[in-house]
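Structural overview for review
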Amino acid sequence: MNTWIKTTAALVLSAAASVSFADAASDAKAMLDEAHAAIVSKGITAAAAEFNAGGKWKRGKAYVVLVQFDGGTLLAHADNPKMAGKAMLEAKDATGKAFVQETIANVKAKGESLVEYRWANPTTKKIDDGRLLARRVPGQDAYVAIGYWQ
């Protein structure tokens, strides 16, 4: 009976985590649509300045980043604007995954990308499972993305 309770509890927690990530994914998709629209309407430079200011571009466990393909240079980081200008092409997550390179390759090939990675959760500041949902910026060698956690 004890094994059954542990198994059931693990399944319930796993299902709750999936629902939570599904909700976070839906919110991230809506936020990505907004960020993409801001770039299209204002241009990449004005949008980057707005993203770096934070505000509505940082929401709880999600934030906007804007990255150039060349060098993986961060043009904007809504959670940490001091990161703007940094080359992130060689950045690896806590497991050694080159998530920026993977995102660039996916966006170049498909126009969009979803990459799972282990990075600092903006709420807890601890390494956690996150996702990076990205879309190519029209007419630019760059992507806009939402980093989010459940």
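Fair warning: this is a prediction, and the values are worked out from it, not measured in the lab.

**Structural notes on helix α3 (residues 99–110)**
In an α-helix, one full turn covers 3.6 residues, which means residues spaced three or four apart are oriented alike. Here α3 spans 16 Å end to end across twelve residues, near enough to the 16 Å set by a 1.5 Å rise per residue. Among the residues making up α3, those that are buried are Phe99, Val100, Thr103, Ile104, Asn106 and Val107. Buried residues of α3 fall within an arc of 165° about the axis and therefore sit on the same side. Opposite the packed face of α3, turned more than 90 degrees from it, sit the exposed residues Lys108 and Ala109. Those residues of α3 hidden inside the fold are in contact with β2 (62–68), β4 (112–120), β5 (127–136) and β6 (142–149). Of the residues trailing α3, Gly111 is marked for its positive phi of about 90°.

**Overview of the pairing of β6**
Extensive coverage of β6 is indicated by the burial of eight of its eight residues. One ladder, built from seven bridges, connects β2 with β6; its direction is antiparallel. Of the residues in β6, the one forming a bridge with Leu66 is Val144. Summarising the sheet, β5 and β6 pair through seven bridges and their orientation is antiparallel. Within the sheet, the bridge partner assigned to Arg135 lies in β6 and is Val144. Connecting the antiparallel pair β5 and β6 is a turn made up of five residues, with Gly139 showing a positive phi of about 75°.

Conventions used here
- Residues numbered from 1 in each chain as written.
- Predicted model: local features only at pLDDT ≥ 70, side-chain atom pairs only at ≥ 80, totals over all residues.
- Heavy atoms only, no water.
- Helix = DSSP H or I, 4+ residues; strand = E, 2+ residues; numbered from the N terminus.
- Expected span 1.5 Å × (residues − 1).
- Buried < 20%, exposed > 50% of the residue type's maximum accessible area, 1.4 Å probe, protein only.
- Arc of directions from axis to C-beta.
- Contact = heavy atoms within 4.5 Å.
- Pairing = 2+ DSSP bridges.

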